[in-house]
Amino acid sequence: MSSEPTETSPEDVNHRSFWMPGNYQRTVRRTEDSFQACTDMVSCFQERARVERQYAQALSEWSQKWRPVVDSSPLYGSLMKAWQCFMSSADRLASLHASMCRALVSEDGDRVRTWQKDNFHKKVFGGFKETQEIETGFARAQKPWTKKLKKLDKARQAFHKASRREYLIREREAHAQGNPDVNIDKQKKLQEDLQLASQEVDKMRSRYEKVLEEVNRYAPRYMEEMESVFDQSQDEEKKRIMFLKQALLSIHDHLDVTTNESVRSVYSELHNTLMSIDEQEDLRWWKNTHGPGMPTDWPHFQEYNPEKKPKPKKGKKEVKEVKEVKDVKEVKAIKQVDTGTIEKSVMIGGVKVRALYDYVGQETDELSFKAGEEFLKIEDEDDQGWCRGMKDGQWEGLYPANYVEVV
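The rules behind these values
Residues numbered from 1 in each chain as written. Predicted model: local features only at pLDDT ≥ 70, side-chain atom pairs only at ≥ 80, totals over all residues. Heavy atoms only, no water. Helix = DSSP H or I, 4+ residues; strand = E, 2+ residues; numbered from the N terminus. Buried < 20%, exposed > 50% of the residue type's maximum accessible area, 1.4 Å probe, protein only. Contact = heavy atoms within 4.5 Å. Expected span 1.5 Å × (residues − 1). Arc of directions from axis to C-beta. Core = buried A, V, L, I, M, F, W, Y, C linked by side-chain atoms within 4.5 Å. Polar contact = N/O pair within 3.5 Å; in protein donor to acceptor, adjacent residues only side chain to side chain. Pairing = 2+ DSSP bridges. Axes fitted to C-alpha atoms, helices over the stretch in contact; angles between N-to-C directions. 1 Å grid on protein atoms, 1.4 Å probe; cavity = no way out; pocket = protein on both sides within 12 Å on 5 of 7 lines; lining within 4 Å. Points joined across faces, edges and corners; volume = space filled by probe spheres on them. Salt bridge = Lys/Arg side-chain N within 4 Å of Asp/Glu carboxyl O.

## Structural notes on the overall build of the protein
For the protein, the count of helices and strands is eight helices and eight strands. Taken across its 407 residues, the protein has 32% of its residues classed as buried. For the protein, long-range pairs separated by at least 24 residues make up 66% of all intrachain contacts whose partners lie at least 6 apart in sequence.

## Observations regarding helix 7 (residues 261-275)
A rise of 1.5 Å per residue sets the reference length of helix 7, with its 15 residues, at 21 Å; its end C-alpha atoms lie 20 Å apart and thus fit the reference within 8%. Of all the positions in helix 7, only Val 263, Val 266, Leu 270 and Thr 273 are classed as buried. Looking straight down helix 7, one finds its buried side chains confined to an arc of 100 degrees; they lie on one side. Looking at helix 7, the residues exposed on the side facing more than 90 degrees away from the buried face are Glu 261 and Met 275.

## Structural notes on the nonpolar core
Side chains that are nonpolar tend, in soluble globular proteins, to be buried together. Grouped together as the largest cluster of nonpolar side chains are 22 residues, with contacts concentrated most on Tyr 24, Phe 138, Trp 145, Val 215 and Met 226. Of all the secondary structure elements, the ones that give two or more residues to this core are helix 5 (129-177) and helix 6 (184-255). Per-element accounting of this core gives the leading share, ten residues, to helix 6. Aside from chain neighbours lying at most four places away, what touches Phe 138 is Phe 18, Tyr 24, Thr 27, Val 28, Met 226, Val 229 and Phe 230.

## A word on helix 8 (residues 279-290)
The end-to-end C-alpha distance of helix 8 is 16 Å, a good match for the 16 Å that twelve residues give at a rise of 1.5 Å each. With a side-chain oxygen positioned 3.1 Å from the backbone nitrogen of Gln 280, the residue opening helix 8 is Asp 278.

## Concerning the pairing of strand 4 (residues 351-355)
With four bridges joining them, strand 4 and strand 5 (residues 374-379) adopt antiparallel strand pairing. Looking across to strand 5, one finds that Val 353 is bridged to Phe 375.

## Some remarks on the sheet that holds strand 4
One open sheet holds the five strands; their spatial order is 7-6-5-4-8, and the pairing between them is antiparallel. Each having just a single partner strand, strand 7 (395-400) and strand 8 (404-406) make up the two edges of the open sheet. The sheet shows a mean angle of 45 degrees between the axes of neighbouring strands, direction not considered. Sheet topology note: the strand 5/strand 6 (residues 386-391) ladder contains three bridges and is antiparallel. Across the sheet, the residue bridging to Glu 379 is Arg 388, located in strand 6.

## Considerations on empty space enclosed by the protein
The final tally for this structure, using the stated rule, is three cavities of 30 Å³ or more. Approximately 50 Å³ is the volume attributed to the largest cavity. For the largest cavity, the full set of lining residues is Met 41, Val 42, Phe 45, Gln 46, Leu 104, Asp 108, Gly 109, Val 112 and Ile 251. Elements supplying a minimum of two residues to the lining of the largest cavity: helix 3 (30-71) and helix 4 (77-119).

## Some remarks on the side chain of Ser 89
Mapped onto the fold, Ser 89 is located in helix 4. Ser 89 sits in the buried class, given a relative accessible area of 5%. Setting aside residues up to four positions removed in sequence, Ser 89 forms contacts with Val 266 and Leu 270.

## Concerning the pairing of strand 6
Of all six residues that make up strand 6, six are buried, and the element is covered over most of its length. The alternating pattern of strand 6 places Trp 386, Arg 388 and Met 390 and Cys 387, Gly 389 and Lys 391 on opposite faces, both of which are buried. The loop that links strand 5 with its antiparallel partner strand 6 comprises six residues; one of these, Gly 385, has a positive phi angle of about 90 degrees. Sheet topology places strand 6 next to strand 7; six bridges connect them, and they run antiparallel. Within strand 7, the residue paired with Gly 389 across the bridge is Gly 397. Connecting the antiparallel pair strand 6 and strand 7 is a turn made up of three residues, with Asp 392 showing a positive phi of about 55 degrees.

## What about the environment of Leu 244?
Mapped onto the fold, Leu 244 is located in helix 6. The contacts of Leu 244, once residues within four sequence positions are left out, are Cys 38 and Met 41.

## A short note on the environment of Lys 117
For Lys 117, the location among the structural elements is in helix 4. For the pair Lys 117 and Phe 35, spaced 82 residues apart in the sequence, the C-alpha separation amounts to 9.4 Å.

## Considering the pattern of salt bridges
One pass over the structure, following the stated rule, counts 21 salt bridges. Ionic pairing is found between Glu 261 and Arg 264, a salt bridge with its closest N-O pair at 3.4 Å. With Glu 261 and Arg 264 both in helix 7 and three residues apart, this pair spans about one turn of that helix. Here Glu 261 falls in the exposed class, since its relative accessible area comes to 53%. Taking the relative accessible area as the measure of exposure, Arg 264 reaches 44% and is therefore partly exposed. A salt bridge links Glu 374 to Lys 352, with the nearest nitrogen and oxygen atoms 3.2 Å apart. Remark: Lys 352 occurs in strand 4 and Glu 374 occurs in strand 5; sequence separation between them is 22 residues.

Okay, here's the thing in structure tokens:
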């Protein structure tokens, strides 16, 4: 059967009080707790950075997956642009969330770790110098107080012990007075014991009150020294709180997309693109591109026109000088152009070509040939569209490049 919960007694509250011996340890532990909090904070937001990176990667992968589908979709016009804008917005958001990841790791994480290193000085055998300094201050201030409390507790116990003995003797003496079975000598003995017990109680009371007065006189000094050390601890904790506040605000600034101008710009542009969907313009474009608005060459009478041969390009390079050689492999031609004279090497061995059309040379330095006739091209096409060729191993001249094909 469960019992009703009882309220905390004043003695329990007093026992847990900061002023009681050893209870300053909760304040001392704040240094180590703050150091651990910094470590946990870095780990916490490093994990958040991984979340941001994964989200950025997911956005990018989503955009890459669907962009080809969107680009090849049957939609058109402003509606197509609106859908495509979702892909470009995702790419921009992916970049922003990737930058958030970098900021959480390289800026916020490094800032906390650097501050942690500068403000928490580890001891060789564990713990922190800051913890030792505060703990030593509290212990020094509390040492005389602890001694006085022990002395007071000892005096209190002695007084209570004497009082309890007096109470028991008084009870026996009162019982003996009304009991005819107790003889006179026994009653006198109880009265003497009661008198001695009362004297002992008065003595212990006096000693107890004296020690208590001494403790109460020392209390202000004890409180002043403890508060001095506590204020020092508070100052250190204030610095830690202020720094961590700024660190968390910095993290908030990096994560708060509601005030990020780049994010606003992304969604503002996307919204404007969606609002610019114009059904009338899209329908007009479709009508003119794929509908009755398309230009059409309506049927009409057409005269017969025989197929025309491709015309050779106007102009050619005039041969300035040709060296006499015995082998085609050693032929070199020097042509004069508008800007001067350039020397070119003839192809080694030549390339076999076949004439596509008949051609009759108009000048003495041109080759003539029939459609289907084969000969060698010994020099590539020049800027004017002419090649140099050789027929039957002896006739050499220029011909239009578009009149032949390579065999």
